[in-house]
Amino acid sequence: MPTNILITIAFLLLTALILSRIFTLPRNIWLLFVSQPLVMSASSIIVFIGGILSSKMASDPSLATLPLTLMILGVAAGSIPAAMLAKNKGRKFAVYTGLSCSLMAAIIAMFAAITALFELFCFASLLIGVGGAFTQQLRFAAIESSLHADDVPKILSILMLSGVFAAFLGPEVALVGKDLLSSPYGYAGSFLLLASLILCAMLMMIGFKNPPVNEDEIVGDARPLKVITKQPIFLIAICTATIGFALMSYLMTATPISMHHMQEHSLQETKWVIQSHIAAMYLPSLFTPWLIKHLQLKGLMFIGILIYAIVAFIALSGQEVMHYWWALILLGIGWNFLFLTGTSLLPQSYHASERHKVQATNDFILFGFQAAASLLAGWVLFNAGWHWVVITSIPFILVLFAVLAFYHKHQQTLSAQEQVKH
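One numbering rule holds for all chains: residues counted from 1, following each sequence as written. Confidence filtering applies because this is a predicted model: local features only for residues at pLDDT of at least 70, side-chain atom pairs given and counted only at 80 or more, and all residues used for totals across whole chains, interfaces and linings. Think of the side-chain values as coming from all heavy atoms in the structure, minus any hydrogens and water.

1. Describing the packing of aromatic side chains
Step number 1: Pairing of aromatic rings covers Phe, Tyr and the six-membered ring of Trp, with a centre-to-centre limit of 6.5 Å; geometry is then stacked below 30 degrees between planes, edge-to-face above 60, and tilted otherwise. Throughout the structure, instances matching the rule amount to 11 aromatic pairs.
Step number 2: Both rings, one in Trp30 and one in Phe33, keep their centres 6.3 Å apart while their planes meet at 65°; by these two values the pair is edge-to-face. Of this pair, Trp30 and Phe33 are both found in helix α2 (residues 27-57), three residues apart, which corresponds to roughly one turn of the helix. The same class applies to Trp30 and to Phe33, which are both buried.
Step number 3: When the ring of Phe33 is compared with that of Phe165, the centres are 6.4 Å apart and the planes differ by 70°; the resulting orientation is edge-to-face. Placement of Phe33 in helix α2 and of Phe165 in helix α8 (residues 163-176) is noted, with a sequence separation of 132 residues between them. Accessibility classification places Phe33 together with Phe165 in one group, the buried group. Strands are runs of DSSP state E lasting at least 2 residues, helices are runs of H or I lasting at least 4, and numbering of each runs from the N terminus. Partly exposed describes any residue whose relative accessible area lies between the buried limit of under 20% and the exposed limit of over 50%, with all areas from a 1.4 Å probe on protein chains only and scaled to the type maximum.

2. Considering the layout of surface pockets
Step number 1: Here a cavity means grid points, on a 1 Å grid over the protein atoms only, where a 1.4 Å probe fits yet cannot get out; a pocket means an open set of points with protein on both sides within 12 Å along at least five of seven lines; lining residues are those with an atom within 4 Å of a point. Grid points are joined across faces, edges and corners, and a volume is the space filled by probe spheres set on the points. Roughly 310 Å³ of volume is contained in the second largest pocket.
Step number 2: Lining the second largest pocket are 15 residues, with Ala246, Leu247, Phe369, Ala373 and Phe396 sitting closest to its centre.
Step number 3: Going through the elements one at a time, α11 (232-262) and α15 (355-384) are the ones with two or more residues in the lining of the second largest pocket.
Step number 4: No other element matches α11, which puts seven residues into the lining of the second largest pocket.
Step number 5: Here the nonpolar group is Ala, Val, Leu, Ile, Met, Phe, Trp, Tyr, Cys and Pro; Asp, Glu, Lys and Arg are the charged ones; every other residue, Gly included, is treated as polar. Looking at the lining of the second largest pocket residue by residue, the class counts come to 12 nonpolar, three polar and no charged.

In structure tokens, the structure reads:
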């Protein structure tokens, strides 16, 4: 119902107002908090209906996950241009470039649904991904807007919390707009509504100010990228975020098709599972600052990996709605912990003068692997079934445990070096 969309947006604004009274943070943070979910709805719409719509439009059903894969490839391909544009033209210019790209993509997707052209829908999904690359860079804009380095985990948690609203907005927009415009397989109106949300975000971001840069920090020669990427802390950050993100995408991409297309669970039940999953990706941000304070990033990382192991056990236990629901809920929570850990560790690997190229490299690797995982998910699902999708994820969970052990050893080495100095 349209009412659900209006209620979600009202709660988004109310939450921003309440949090702004609790936390004294720059205005940029709250503008990002409100506008980000409106744009992020694009990705949750593709996750929810992309595979379902594509399975009807594509000549080969195994290509149903191709639009989602192309969307993620678009994020990977757009990550370096987004970072470089932010460096040369400022964050605000880059933000509006990304929003314009997302708006164009929504309109193209609408025409693709009307004409039932799978190739055009794939192009629109790729373009949504390119726009999404700029949206992903907003977390770095938030970090740069912080006044104190100690505020970074808190700001990231607050910004990630706004994703809860995208979890509900996207699927609701998809269902409300399903029959809004006449189209062979529906959902053309969904992308029309998405375009409206993006326009609202563009209006709100008028008040966004380019984050101040400490000129003292950028004086001096930046280190070569190959030197930065050899640092243990960079490797730990990139592996934690990338493997965590790729595994999440791998299982999430296969879920709607497995549930609705193969197991014949209803579209409402599928929507509920996907909404719950995306909400679980961001809702833990309410308490992750407390967890970081008491467990530190290493403890948060350990819990995230342990949750992933539990996800695999539940997903292998059955294919009823509750099996999918519990697995996807926990998958979202585990992703939150691992992504927040990796993103919080990354700034420790670079100086201010190096931030744009390191951020771009991080996102290119992260979303490149995520794209490969989503494409592989469709192939494994249609050729081997849901259980093999889960089984093939287990080795990567074990790799994450190895990364955790490496992180622990790295911390011990740093601690020993500090003791020698003093």
